[in-house]
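These are the residues of each chain, in order.
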Amino acid sequence: LNFSPQQPAPDLILTPEAKVTNHNNFYEFGTGKTDPAQNSQGLKTEPWTLTVEGEVEKPGTVDVWKLMHDIGLEERIYRMRCVEAWSMVIPWVGFELGKFLARFQPTSRAKFVAFQTLYDPEQMPGQRNRYIGGGVDYPYVEGLRMDEAMHPLTILSVGLYGKTLPPQNGAPIRLVVPWKYGFKGIKSIVKIKLVEKMPPTSWNKLAPNEYGFYANVNPNVDHPRWSQASERFIGPGGVFAVKRQPTLPFNGYGEEVASLYKNMDLRKFY
Amino acid sequence: MAAISKNAVAGLLQIGVHIGALLPLLWLFYAINAGRLGGDPVVELIHYLGMGTIRLLLLTLLVSPLAKSLRFGQLNRLRRPLGLWCFVWASLHFSAWLALDLGLDWSLIGEELVKRTYILLGFTCWLILLALAITSIPALLRKMGKNWKKLHGLLYVAVLLACWHFWWSVKSGWIEPAIYLVVALLLLLWRKNSVIRWMKSFGRSH
């Protein structure tokens, strides 16, 4: 991939590539952490088209592989915090979602953005079988408020560690919203729809009292069954090198994004 | 003659229990050193030990009714080693969480015990197993008499707590924990007379 690289901030240690690509939640390929790496290698990611529709002046479908070459890619090194209380630091390659959406000219009625993963039970065993798929109602769907989607930190990623995404990380194109829990980062996206009303999201449908629409990383709002105050950082080293670290509000991106939520009760809108 | 061979079979099974409970731990020791536990090895380790504990608990619960229905009383000799191995696995599971996940940060441990209900369930289960392990010393068994049976009936509670702890600890996908819970309930149903007798024994003592 051609992209402009980024120097990691001095306080960030990258999670080794092998761990980023072998420790995944992609329930379409199984609920075990190594299942996606094992079961997704046959996923046909080429050709791949992405449709943008709904409240836009110019709806359209783009060839994702062509897009990768002409949109101008940049590296973004982000902290990633999973709702299960583990975290990584990942060098993504991608582009700002906001710049991409602007091409389709959102109308004034566009208040939310709805995303959808590929639905293909033949290629995705978890979509064929509830037991493998963890009980999620497929296709996987996610959503953002318009201002969240247009925020410069929000990217569509097409690569990591300088290479195109492996299937288990959401090839060929996925969402990365660094201040939200990882499950917001919907993988292998085929459709983006701009809408007026808050769209349904997969984990919220599965357990509404546990996973909200916003899912902002917040050490002060616990998951009903576990604390979110700290996290296990997955870095280099083995079992005895694992370090627990405090979780930061908005995953450390508060300066950039806290203003998006200034009059909101974050306990209610979790 | 038949009695002798049954004794021999029970003896062999006893050795089998020790080997069966120890080998996976040796594998785990190898896997830790060889970096075979994946990206988040601490959680992998904790889950492995937890699942092993639940399976051992279910196996322990299987012994008595099986001995009865097979008319193979010597099988009951397996209960003590199985029960003690449950305690060993549960203790390793618990210490891995304390030392490796929470890094022996005691204030955090206290907080998590209170905040995460499923951890409180698991902790209670471990306390029960601790009490059963201590009182499995033969001298104590004789000393405690009837109370020993009462105490050791808590295994029924421990099994259910373990399944419940498993159920609440998963992010989604209730099917696997449900299977373990159903197996536990079936095993309890199989020995329902003993369970009822145990529950009634508390009424009688007053």
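Structure first, text after, so check above.
Owing to the predicted nature of the structure, the values given are computational and were not obtained by experimental measurement. (Residues numbered from 1 in each chain as written. Chains lettered and ligands numbered in written order. Predicted model: local features only at pLDDT ≥ 70, side-chain atom pairs only at ≥ 80, totals over all residues. Heavy atoms only, no water.)

Asker: Looking at this model, I keep getting lost on empty space enclosed by the protein. Mind explaining?
Answerer: Gaps left between atoms show up when a probe the size of a water molecule is rolled over them. Residues and elements named next belong to chain A. Under the definition given, this model contains two cavities of 30 Å³ or more. Asn-25, Phe-26, Gly-182, Phe-183 and Lys-187 are the residues nearest the centre of the largest cavity, which is lined by 25 residues in total. The element contributing the most residues to the lining of the largest cavity is strand E5 (residues 86-96), with four residues. Of the residues belonging to the lining of the largest cavity, the class tally is 14 nonpolar, seven polar and four charged. In this structure, the second largest cavity spans a volume of roughly 110 Å³. Lining the second largest cavity are 14 residues, and of these Met-80, Val-176, Val-177, Lys-180 and Gly-182 sit closest to its centre. Every element with two or more residues in the lining of the second largest cavity is listed here: strand E4 (73-81) and strand E10 (174-176). (1 Å grid on protein atoms, 1.4 Å probe; cavity = no way out; pocket = protein on both sides within 12 Å on 5 of 7 lines; lining within 4 Å. Points joined across faces, edges and corners; volume = space filled by probe spheres on them. Helix = DSSP H or I, 4+ residues; strand = E, 2+ residues; numbered from the N terminus. Nonpolar A, V, L, I, M, F, W, Y, C, P; charged D, E, K, R; others polar.)

Asker: Help me understand the layout of surface pockets in this model?
Answerer: Residue and element names in this part refer to chain B. Approximately 1,200 Å³ is the volume attributed to the second largest pocket. What lines the second largest pocket is a set of 36 residues, and nearest its centre among them are Arg-79, Trp-148, Lys-149, His-152 and Tyr-156. Mapped onto the lining of the second largest pocket, the elements with two or more residues apiece are helix H2 (41-69), helix H3 (79-101), helix H5 (117-134), helix H7 (146-152), helix H8 (154-169) and helix H10 (192-204). Grouping the amino acids of the lining of the second largest pocket by side-chain chemistry returns 14 nonpolar, twelve polar and ten charged.

Asker: Quick question: what am I supposed to make of the pairing of strand E6 (residues 112-117) of chain A here?
Answerer: Regular strands place their side chains on alternate faces of the sheet. Residue and element names in this part refer to chain A. Summarising burial for E6: five of the six residues are buried, a large majority. Bridge analysis of E6 against strand E7 (residues 141-145) gives five bridges, and the strand direction is antiparallel. Looking across to E7, one finds that Gln-116 is bridged to Val-141. In the sheet, E6 pairs with strand E11 (residues 189-195) via six bridges, with the strands oriented antiparallel. Residue pairing across strands places Ala-114 opposite Lys-193, the latter belonging to E11. (Buried < 20%, exposed > 50% of the residue type's maximum accessible area, 1.4 Å probe, protein only. Pairing = 2+ DSSP bridges.)

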